[in-house]
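Residue-level structure breakdown
Chain residues, written in single-letter form:
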Amino acid sequence: MAGINKVILVGNLGQDVELKYTSNGKAVTTLSVATSESWTDKNTGQKVDKTEWHRVSLFGKLAEIASQYLHKGSKVYVEGNLRTRKWQDQTGTNRYTTEIVVGFNGTLQMLDRRDNVDIGGGAPQTQQSASSTPVPQQQTATAPVLDPIAPVDNSEFDDDIPF
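Our subject in this report is the structure included herewith. (Residues numbered from 1 in each chain as written. Predicted model: local features only at pLDDT ≥ 70, side-chain atom pairs only at ≥ 80, totals over all residues. Heavy atoms only, no water.)

Turning next to the pattern of salt bridges. Tallied over the full model, the rule gives six salt bridges. Where E79 meets K6, a salt bridge forms, and the shortest distance between an N and an O atom there is 3.2 Å. In this pair, E79 sits in strand β5 (residues 75–88) while K6 sits in the segment before β1 (7–13), placing the two residues 73 residues apart along the sequence. On the basis of relative accessible area, K6 is assigned to the exposed category, the value being 53%. Notably, a salt bridge pairs D89 with R95, separated by 3.1 Å at the nearest N-O pair. Note on D89: relative accessible area 19%, which makes it buried. Given the relative accessible area of 40%, R95 is considered partly exposed. (Salt bridge = Lys/Arg side-chain N within 4 Å of Asp/Glu carboxyl O. Helix = DSSP H or I, 4+ residues; strand = E, 2+ residues; numbered from the N terminus. Buried < 20%, exposed > 50% of the residue type's maximum accessible area, 1.4 Å probe, protein only.)

Here it is, written out as structure tokens:
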């Protein structure tokens, strides 16, 4: 049985996107995505915030589009695979980097843009305009119409917590 390697993040970029190219001309972008959670400490009553930083790698056309539209503070939805790379630093010491790679089956969605541009990793998601500048397609979905829910009379419950 094959395993599943899937990571989903919703967070904000911690720095501007920098586009680089490999020696064979392939575009590469690395995003620094912050995810945060907060809770109240039961002992002290103080609010506690915890931020985790995630390294996200994009390649090809997706990297070029991300560098064009994303900037520090942008809110993004990222779906990709977890990968660990081994490399050597200048002293010859082995180093390891764990990152989320948004590849063919991955997704990068810009959440703070008005048109919620959704960019898939493998499928072409751009249209060519007259100026040959890529324009992301707008993805829309229609929600089903639901019948209204009638309010429940909770006067017959003994306590405030129903479970």
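Still more ground to cover, so stick around.
This part covers the pairing of β5. For β1 and β5, the ladder comprises six bridges, and the chain directions are antiparallel. In the sheet register, N12 faces β5, and the bridge partner there is K75. Note that β5 and strand β7 (residues 107–110) share four bridges and pair antiparallel. By the bridge assignment, E79 is partnered in β7 with T107. Linking two consecutive strands that pair antiparallel, namely β5 and strand β6 (residues 94–102), is a turn of five residues; a positive phi of about 90 degrees is found at G92 within it. (Pairing = 2+ DSSP bridges.)

Another aspect to go through is the nonpolar core. Residues L31, V56, L58, L70, V78 and L108 are the most contacted members of the largest nonpolar core, which totals 21 residues. At the level of secondary structure, the elements contributing two or more residues to this core comprise β1, β3 (27–40), β4 (47–59), α1 (60–69), β5, β6 and β7. Top contributing element to this core by residue count: α1, with five residues. Once you skip the residues sitting within four places of it in the chain, L31 turns out to touch L13, V17, H54, R55, V56, L58, L70 and L108. (Core = buried A, V, L, I, M, F, W, Y, C linked by side-chain atoms within 4.5 Å. Contact = heavy atoms within 4.5 Å.)

Within α1, burial applies to L62, A63, I65, A66 and Y69. The buried residues of α1 all sit within an arc of 165 degrees when viewed along its axis, so they share a single face. (Arc of directions from axis to C-beta.)

Bringing the layout of surface pockets into the picture now. By volume, the largest pocket is sized at about 190 Å³. It is β3 that provides the largest number of residues to the lining of the largest pocket, a total of three residues. Within the lining of the largest pocket, the residues separate by chemical class into three nonpolar, four polar and three charged. A volume near 160 Å³ is recorded for the second largest pocket. Lining the second largest pocket we find N5, K6, E79, G80, N81, R83, V101, G103, F104, N105 and G106. If one sorts the elements of the lining of the second largest pocket by residue count, β5 sits on top with four residues. (1 Å grid on protein atoms, 1.4 Å probe; cavity = no way out; pocket = protein on both sides within 12 Å on 5 of 7 lines; lining within 4 Å. Points joined across faces, edges and corners; volume = space filled by probe spheres on them. Nonpolar A, V, L, I, M, F, W, Y, C, P; charged D, E, K, R; others polar.)

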